[in-house]
Amino acid sequence: MTTAVSIPRTGGSGGHTAVAARARQVVKAYGSGETRVVALDHVDVDIARSQYTAIMGPSGSGKSTLMHCLAGLDTVTSGNIYINETEVTGLKDKKLTQLRRDRIGFIFQAFNLLPTLNAIENITLPMDIAGRKPDRAWLDRVVDTVGLAGRLKHRPNQLSGGQQQRVAVARALAARPEIIFGDEPTGNLDSRAGAEVLSFLRRSVDELGQTIVMVTHDPVAASYANRVLYLADGRIVDEMYNPTAELVLERMKHFDARGRVS
Ligand SMILES: Nc1ncnc2c1ncn2[C@@H]1O[C@H](COP(=O)(O)OP(=O)(O)OP(=O)(O)O)[C@@H](O)[C@H]1O
């Protein structure tokens, strides 16, 4: 059974609990019989609000599965997931879709931008679909922080990979979701563009109070986080606060030595 450090659920966060998302005894199994794979094995974790959390671990350790379950993109076999005080695991399809649309932001490796819409239209699309009016001042601030002000009328194919990823980041931030989930959000970028996007995500936590959870294999990407969770065989086996790339690399070598990394 996995035990992860719990964070106090009340704190000075403007009426919100200090925990943005929780997993309790989450099991996720795929298949059955001989082909059964336990991707998550009784995971308990608290994701702190207004903090940047990185999820690391070897290939197949369950990182994406944990993120997908936390974000309500995948169902669990047993256990409970909460976003703030809402139990995600108890929601029916329609409510789940609404929760994902209204309260969660996503940044994936494939940016999922619509090619026929320009940058600003892509950024505001989720709000348009939800029938919500963008908060102009907030939108300007997000666009400004991402450094896209001169590119808003460009379509994705007129933007570099780094710029497209910044549009995807701005789209996630524009709706002010309670929590943003990223799966290797800089995986396709060169190191300079990746660093830009990561610095921006870091600033969104420091300056805008955003909560971010990001899956990564990259110690440098993880060093932007406040806390790194290490998964192995579907369990949280370790964590690190205030990581540096060197410390993360050292910890990964340590897992190597114990035969946990493939
Ligand atoms: N749809 C599925 N059907 C069957 N098994 C699956 C499915 N999705 C994931 N798995 C298995 O669950 C385990 C965890 O997978 P997951 O994708 O969460 O790992 P990961 O740590 O994100 O890996 P990677 O770093 O390679 O992306 C793996 O053993 C994988 O093969």
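Summarised in this report is the structure supplied together with it. (Residues numbered from 1 in each chain as written. Predicted model: local features only at pLDDT ≥ 70, side-chain atom pairs only at ≥ 80, totals over all residues.)

## Some words on the environment of Asn-80
Looking at the element boundaries, Asn-80 is found in strand β6 (residues 78-83). Residue Asn-80 is classed as partly exposed on the basis of its 14 C-beta neighbours within 10 Å. (Helix = DSSP H or I, 4+ residues; strand = E, 2+ residues; numbered from the N terminus. Buried ≥ 20, exposed ≤ 12 C-beta atoms within 10 Å, placed from the backbone.)

## What to know about the sheet that holds strand β7 (residues 86-87)
Taken in spatial order, the four strands line up as β4-β3-β6-β7 in an open sheet, and their pairing is antiparallel. Of all the strands in the sheet, just β4 (37-48) and β7 have a single pairing partner and so form its edges. (Pairing = 2+ DSSP bridges.)

## Details of the pairing of β6
As paired elements, strand β3 (residues 19-30) and β6 share five bridges and run antiparallel to each other. Within the sheet, the bridge partner assigned to Ala-21 lies in β6 and is Ile-83. Examined bridge by bridge, β6 and β7 share two bridges and lie antiparallel to one another. Looking at β7, one finds that Tyr-82 is bridged to Glu-87. Counting the residues that bridge the hairpin from β6 to β7 gives two residues, and of these Asn-84 lies at a positive phi of roughly 50°.

## Details of the site of the ligand
The immediate surroundings of the ligand are formed by Tyr-30, Gly-31, Val-37, Ala-39, Gly-57, Ser-59, Gly-60, Ser-61, Gly-62, Lys-63, Ser-64 and Thr-65. Every element with two or more residues in the shell around the ligand is listed here: β4 and α1 (63-70). For the shell around the ligand, the leading source of residues is α1, giving three residues. (Near = placed C-beta within 6 Å.)

## A few points about the nonpolar core
Within the largest apolar cluster, 64 residues are counted, with the highest numbers of intra-cluster contacts made by Leu-70, Val-169 and Ala-170. By residue number, the principal contributor to this core is helix α5 (residues 161-174), which donates seven residues. Residues within four places of Leu-70 in sequence aside, it is in contact with Ala-21, Ala-23, Ile-81, Phe-181 and Val-213. (Core = buried A, V, L, I, M, F, W, Y, C linked by C-beta atoms within 7 Å. Contact = placed C-beta atoms within 7 Å.)

## Overview of the sheet that holds strand β8 (residues 104-108)
One open sheet holds the six strands; their spatial order is β8-β9-β10-β5-β11-β12, and the pairing between them is mixed. At either end of the open sheet lies a strand with only one pairing partner, and these are β8 and β12 (235-241). With direction set aside, neighbouring strand axes in the sheet form an average angle of 20°. When strand β9 (residues 179-183) meets strand β10 (residues 212-215), the two strands line up parallel, connected through four bridges. Considered in β10, the bridge of Gly-182 is made with Met-214. Here α1 sits on the sheet and contacts β5 (52-56), β9, β10 and β11 (227-232); the angle it forms with β10, its principal contact strand, is near 150°. (Axes fitted to C-alpha atoms, helices over the stretch in contact; angles between N-to-C directions.)

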